[in-house]
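Per-entry structural report
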Amino acid sequence: MSVSRSISRAPRLLRYPRRFKVVAMITVLLFAAALVVAGLGAWRQDNLTQSLREDTAWVAYKLDRDAIQLFNHLLATTRGPLSPSDQDDLNLRFELLYSRIMLLQEGEVSLLLENISMAKALLAQIQQQLDTLDPMFEPYASLTQLPITELEEELLVLTRLTERFVIAINGYLAESATEERVLLSVLYKLLMSLLVGMSLAVLLVIVFLVREMRESAAARREQEQLSRQLEVTATQAQAANHAKSDFLAMVSHEIRTPLNGVIGMSELLREPSSLAQVEDYARTIHDSANQLLAMINEILDFSKIEAGHLTLETSPTALKPLVDSVISLFEPRAKAKGLQLTLYIDPLVPGWVMIDASRLRQILLNLIANAIKFTDHGEVNICIYSTVKCLSFDVRDTGCGLNEEQQASLFEPFQQADESVARRFGGTGLGLAICKRLSEAMQGRLGVRSTPGQGSTFWCELPLVEASPVNAPLPSEPMLDFAGISLLLVEDNAVNRKVATGLLSRLGCDVVCAENGQDALDMVQAQQVHLIFMDIQLPDIDGITVTKRLRSQGGWLADVPIVAMTAGGVEGVRQRCLAAGMSDYITKPLSLLTLSNVLSLQLFTVSRPYALPVLPSDLEQHELQPLINRETLETLAVSLGAESVDQLIMLYHQQVSDYVAQLAAYLRSTALLTAEQTKQVARLAHQLRGESLGVGAERLAAEAKRLEIIASSSDSSPQDFNETLSLLRQTASRTHAALEKWRRDDSTEE
């Protein structure tokens, strides 16, 4: 009734006048167009200004680079006699340098320099210095001998002026960029305010247009959804009720059967019996307990799969040995029933495949066990085939077979063929359901082909991924004698403590027990043991906390193996145990084989060297210094632009290569350097340091500084020079890689 009333009260579609809506939409469109035009104009103007600044910075930088290169070339060519071609080359380089100054005095660049007082003054000094150098540089035809000493002095003055000029330009550009960022921040806030206003206007228009339709359809949708929910809820409630009843009835019956064997045989063991009877009773108890454990494991596996906690561990696996190990487990059972158990592997099946071996083993165990269970006479055949993309397993039997109705529900949980099967063979009905879900988790399929009275064929298809053989050593046989090994068992439950003590004593271990965590903490103060078994659930302090306290005491407790013992079934307990400092993790119920394997692994395989922490050396402290300073690179990117910074880094790489080559030429000899050579090494190191700091290569700048200090020291040996140069080369290579990575990643993101 309420739904029909809400539908009857639904408003008309066109509540607001159409002219009002049209005017609102036109207003929003004009407003958006105005914002777009204004934004394009501002963007274009900013690009022009930025381009001019980049051009100015680039010309100033090239002026400084040309001056330094002219100076370096002069030094390089004047080591020996100056040839006419070298003199003409020097004159040509000076002419190119002189032409750079003209670019700064013409056009829009000169207008920009008018705003930089320091740069303007330095430009005048540079012009004056160039005028001083102009008469000194002449072609060989005009001047046969250049004044080398005067040229070196004047060029040195010129390089200092150009360096200050570049710094002044970059400082102005950085200040301008900062001011523009502040202005852009204000503009962005204004733009965001306008966008918010425009968005609100658009939102109002949209609300005006769709409000009526939403109101008119809401009641219908609500009624339909409510109806569907009621139907689904009723169906789920009925299914859950039936499943709960079936599960409780089945589990209560199946658990009572092995429990009856355990309790009944235990009662008989309390009475006087012969040795043969005792062995028979013990065997029955053991078989019943294993049956009960298998049932609990199936329920836990199915719960884990349903909760989505199933994990696959794919690895290279030898297929035939895995299948042979499964078949060997069932050969005694098949022989006892008079069945023939055979295996056929197609020649095209690869020897090694990539697969989760434990899950495949679990599937085969279930399928072969069912085939033997439901076959009274005849044979059970396991056949393995392969195609290009698929690996197929067929388990064929000559048993009773299944009709179509039974096949349809066979892979559902807690389902068996019929009640007579459940009464005759028992079981939870989870085995095939688990196999089907495991095969689907492995991207495969599982099914059955069967005819009543003619047997069944259960097939499983899995993706085929061939693998290369792995040369793994065969696992060593577990030890059964651990005489002289002392253990601490921390367990609060008396029955579990008695079982574990008996099994460990059978292995030859000397066991001392603690009933709670505080007892364990007290015992380790009085006695040292080889290994500690730690229960997780303790009455006073949980086992994880006890482990952390033991590890924190240091000494032998920092390295002694601590193995967790839990009942299992809780997700994430293993990770918590290992994170707390435990060495391994085993689940109950315990067995001699499990305990033997753990003791062998922890006491005779895993080594735990105890070492004091080592403080970092001076070299390691140097390695902690970053290769590049990202703030410097980001400032250059803002000031010059990404393209200019890329060109700058490429030029820097070339310069570093030249410097390293020149330094190597000086230091190639093992003899002591002359005073002039030492001076040149110090000069090159100083220049390399300055350029490295300019592009943010801080670690390489530090290495260059170290070389400069060694060159300035009078007691430095050739070995000091060579070691420092070697480290400088390594740092240069790593710096090159770091700068290229920054160009590829960080600069492109900006």
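This one's a predicted model, so the numbers in the text were calculated from it and none came from an experiment.

The rules we used
- Residues numbered from 1 in each chain as written.
- Predicted model: local features only at pLDDT ≥ 70, side-chain atom pairs only at ≥ 80, totals over all residues.
- Heavy atoms only, no water.
- Helix = DSSP H or I, 4+ residues; strand = E, 2+ residues; numbered from the N terminus.
- Buried < 20%, exposed > 50% of the residue type's maximum accessible area, 1.4 Å probe, protein only.
- Contact = heavy atoms within 4.5 Å.
- Areas by Shrake-Rupley, 256 points an atom, 1.4 Å probe, with all protein chains shown as cover.
- Core = buried A, V, L, I, M, F, W, Y, C linked by side-chain atoms within 4.5 Å.
- Pairing = 2+ DSSP bridges.
- Axes fitted to C-alpha atoms, helices over the stretch in contact; angles between N-to-C directions.
- Expected span 1.5 Å × (residues − 1).
- Arc of directions from axis to C-beta.
- Right-handed = clockwise from strand over helix to strand, strands pointing away.
- Salt bridge = Lys/Arg side-chain N within 4 Å of Asp/Glu carboxyl O.
- Phe/Tyr/Trp six-rings, centres within 6.5 Å; stacked < 30°, edge-to-face > 60°.
- 1 Å grid on protein atoms, 1.4 Å probe; cavity = no way out; pocket = protein on both sides within 12 Å on 5 of 7 lines; lining within 4 Å.
- Points joined across faces, edges and corners; volume = space filled by probe spheres on them.
- Nonpolar A, V, L, I, M, F, W, Y, C, P; charged D, E, K, R; others polar.

1. Brief notes about the overall build of the chain
Helix and strand content of the chain: 24 helices and twelve strands. Looking at the 750 residues of the chain, the share that counts as buried comes to 38%. Pairs at least 24 residues apart make up 72% of the contacts formed inside the chain by residues separated by at least 6 positions. Carbon and sulfur atoms provide 57% of the accessible area of the chain, an area that totals close to 43200 Å².

2. Side note on the nonpolar core
Within the largest apolar cluster, 40 residues are counted, with the highest numbers of intra-cluster contacts made by Leu319, Leu360, Ile363, Ile368, Leu391, Phe393 and Phe458. Breaking this core down by element, the ones donating at least two residues are helix H8 (319-336), strand E3 (352-355), helix H9 (357-373), strand E4 (379-386), strand E5 (390-397), helix H12 (431-441), strand E6 (445-451) and strand E7 (455-463). In terms of residue count, H9 provides more of this core than any other element does, eight residues in total. Listed in part, the 39 residues of the second largest apolar core include Leu633, Ala637, Leu707 and Ile710.

3. Regarding the sheet that holds E4
Backbone-to-backbone hydrogen bonds join strands into a sheet, with any given pair of strands oriented parallel or antiparallel. If you trace the five strands from one edge of the open sheet to the other, you get E2-E4-E5-E7-E6, paired in mixed fashion. Each edge of the open sheet carries a strand with a single partner, namely strand E2 (340-345) and E6. The mean angle between the axes of side-by-side strands here comes to 15°, regardless of whether they run parallel or antiparallel. Pairing between E2 and E4: six bridges, direction parallel. By the bridge assignment, Leu343 is partnered in E4 with Ile382. Contacting E2, E4 and E5, H8 runs over the sheet at an angle of about 170° to E2.

4. Details of helix H3 (residues 84-103)
Taking 1.5 Å of rise per residue, 20 residues should cover 28 Å, and H3 covers 29 Å from first to last C-alpha, within 8% of that figure. Here H3 has its buried residues at Gln87, Leu90, Asn91, Phe94, Leu97 and Ile101. When H3 is viewed along its axis, its buried side chains cluster within an angular range of 120° and face the same direction.

5. Regarding the sheet that holds strand E12 (residues 584-587)
If you walk across this open sheet you meet the five strands as E9-E8-E10-E11-E12, and the pairing is parallel. The sheet is open, and its two borders are formed by strand E9 (510-514) and E12, each paired with just one other strand. Pairwise comparison of adjacent strand axes, ignoring direction, gives a mean angle of 20° for this sheet. Relative to E12, strand E11 (residues 562-566) is paired through four bridges, and the arrangement is parallel. Opposite Val563, over in E12, you have Asp584 as the bridge partner.

6. Brief notes about the pairing of E11
Taken across its five residues, E11 has five buried, putting it largely inside the fold. Every second residue of E11 is oriented toward a common face, with Ile562, Ala564 and Thr566 on one face and Val563 and Met565 on the other, all of them buried. Two elements, strand E10 (residues 531-535) and E11, share four bridges in a ladder whose sense is parallel. Note that in E11 the partner of Phe533 across the bridge is Val563. Handedness of the E10-helix H15 (residues 543-552)-E11 crossover: right-handed.

7. Considering the pattern of salt bridges
Where charged atoms from two side chains of opposite charge approach closely, those side chains can pair. Throughout the structure, instances matching the rule amount to seven salt bridges. In this structure, Lys320 engages Asp324 in a salt bridge whose closest nitrogen and oxygen atoms are separated by 2.8 Å. With a gap of four residues between them, Lys320 and Asp324 both fall in helix H8, about one helical turn apart. The class of Lys320 is partly exposed, set by a relative accessible area of 46%. Judged by relative accessible area, Asp324 falls into the partly exposed class, the value being 30%. Salt-bridge contacts for Glu515 lead to Arg497; the nearest nitrogen and oxygen are separated by 3.6 Å. Here Glu515, found in the loop between E9 and helix H14 (517-526), pairs with Arg497, found in helix H13 (residues 494-506); they are 18 residues apart in sequence, far enough to count as distant. Taking relative accessible area as the criterion, Glu515 reaches 46% and is therefore assigned partly exposed.

8. Side note on the environment of Glu154
In this fold, Glu154 is placed in helix H6 (residues 148-269). The spacing of Glu154 and Leu133 is 21 residues in sequence and 7.0 Å in space, taken between C-alpha atoms. Not counting residues within four places of it along the chain, the set of residues in contact with Glu154 comprises Gln129, Thr132, Leu133 and Met136.

9. Some remarks on the packing of aromatic side chains
Under the counting rule described, the total for this entry stands at one aromatic pair. Between Tyr344 and Tyr385, the ring centres sit 6.0 Å apart and the planes meet at 55°, which makes this aromatic pair tilted. Taken as a pair, Tyr344 in strand E2 and Tyr385 in strand E4 lie far apart in primary sequence, 41 residues in all. For Tyr385, a relative accessible area of 29% puts it in the partly exposed group.

10. Describing the layout of surface pockets
In this structure, the second largest pocket encloses a volume near 1400 Å³. Taken together, 47 residues line the second largest pocket, and the ones lying closest to its centre are Arg65, Ile68, Glu163, Gln687 and Glu691. When contributions to the lining of the second largest pocket are tallied by element, the ones reaching two or more residues are helix H2 (18-77), H6, helix H19 (630-640), helix H20 (642-667) and helix H21 (675-694). Here the lining of the second largest pocket takes twelve residues from H21, the largest share from any one element. Across the lining of the second largest pocket, the residue classes break down as 18 nonpolar, 16 polar and 13 charged.

11. Let's talk about unusual backbone geometry
A positive phi angle is found at Gln443, which is not glycine, with a value near 65°. Positionally, Gln443 belongs in the loop between H12 and E6.

12. So, H15
Taken together, the buried positions of H15 are occupied by Gly543, Ile544, Val546, Thr547, Leu550 and Arg551. Summarising the axial view, the buried residues of H15 lie within an arc of 160°, below the 170-degree limit, and thus occupy one face. Phi turns positive one or two residues past the end of H15, at Gly554, with a value near 70°.

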